[in-house]
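Close look at the chain arrangement
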Amino acid sequence: MVDHRELLADVTATLSRAGLDAAGPSPLRIGPGPEGVVVGWPPGGDSSEGVRAAVLGAAAVVLREAGHEVAEADGGDLHVAPVPDPVGVPAEPEAVPEQWWG
């Protein structure tokens with residue numbers, strides 16, 4: 001498993017700013033996953049499946065809007081992967097004006 005501490009901190013801060021705080025009484029959990037970060041909601045408990053789906057859906061929207069790659073993992077949890085570095089496209093070379101010799 002690769003260490004994604006910065007991604008974990010960014011996901012936690014992004015969700016916290018959106019009001020989806022895992023540090024409070026919410027059962028929302030954020031932790032390291034095999035290839036990134038897993039955001040989940042434990043099954044069962046006092047919450048209905050509809051509440052769980054709504055919270056995880058909102059978390060997915062917030063994370064995507066913040067620029068993260070989000071996919072649904074097994075069990076309905078969210079898998080947040082590190083965004084690969086963009087491939088640079090070389091700029092068009094500057095057009096050289098034609099020389100007219102006369």
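Throughout what follows, the structure given in this document is the object of discussion. Counting starts from 1 at the beginning of each chain's written sequence and moves along it residue by residue. It should be noted that, the model being predicted, local features are given only for residues of pLDDT at least 70 and side-chain atom pairs only at 80 or more, the latter also being counted only at that level, while totals for whole chains, interfaces and linings use all residues. For side-chain calculations, the full set of non-hydrogen atoms in the structure is used, while hydrogens and water are omitted.

1. Topic: the pairing of strand β1 (residues 29-33)
At least two bridges found by DSSP between two strands is the condition for calling them paired. Strands here mean DSSP runs of E at least two residues long; helices mean DSSP runs of H or I at least four residues long; both are numbered from the N terminus. Strand direction decides the pairing type here: β1 and strand β2 (residues 36-40), joined by 5 bridges, are antiparallel. For Ile30, the partnering residue across the bridge sits in β2 and is Val39. The turn linking β1 back onto β2 is made up of 2 residues.

2. Observations concerning the sheet that holds strand β4 (residues 78-81)
The 4 strands lie next to each other as β1-β2-β4-β3, forming an open sheet whose pairing is antiparallel. Unpaired on one side and paired on the other, β1 and β3 (69-72) mark the two borders of the sheet. Adjacent strand axes in the sheet meet at a mean angle of 25° when their direction is disregarded. Note: β2 against β4, 3 bridges, orientation antiparallel. Looking at the pairing, Val39 lines up with Leu78 of β4. Interaxial angles span 0 to 180 degrees and are taken between N-to-C directions of axes, which are lines fitted to C-alpha atoms, for helices over the stretch in contact.

3. Brief notes about the pattern of salt bridges
Take a side-chain nitrogen of Lys or Arg and a carboxyl oxygen of Asp or Glu: if they are within 4 Å of each other, that pair is a salt bridge. For the structure on display, the rule yields 2 salt bridges. In this structure, Arg29 engages Asp77 in a salt bridge whose closest nitrogen and oxygen atoms are separated by 3.2 Å. Placement of the pair is Arg29 in strand β1 and Asp77 in the loop between β3 and β4, with a sequence separation of 48 residues. With a shortest N-O distance of 3.5 Å, Asp77 and Arg52 are connected by a salt bridge. Of the two residues, Asp77 is situated in the loop between β3 and β4 and Arg52 in helix α2 (residues 49-65); the sequence distance between them amounts to 25 residues.

4. Overview of the environment of Val39
Assignment of secondary structure puts Val39 in strand β2. Accessible area is worked out with a 1.4 Å probe on protein chains only. A residue is then buried under 20% of its type maximum, exposed over 50%, and partly exposed in between. Relative accessible area serves as the criterion here: at 0%, Val39 is assigned to the buried category.

5. Let's talk about the nonpolar core
Membership of the largest hydrophobic core comes to 17 residues, with the highest contact counts inside it found for Val11, Leu15, Leu28, Val39, Leu63, Leu78 and Val80. Counting residues per element, the ones that place at least two in this core are α1 (5-17), β2, α2 and β4. Among the elements that line this core, the one with the most residues is α2, at 5 residues. Residues count as neighbours in contact if any of their non-hydrogen atoms are within 4.5 Å of one another. Not counting residues within four places of it along the chain, the set of residues in contact with Leu78 comprises Val37, Val38, Val39, Leu56, Ala59, Ala60, Val70, Ala71 and Ala73. In plain words, nonpolar cores are sets of buried Ala, Val, Leu, Ile, Met, Phe, Trp, Tyr and Cys residues tied together by side-chain atoms within 4.5 Å.

By themselves, these observations are geometric and do not establish any function.
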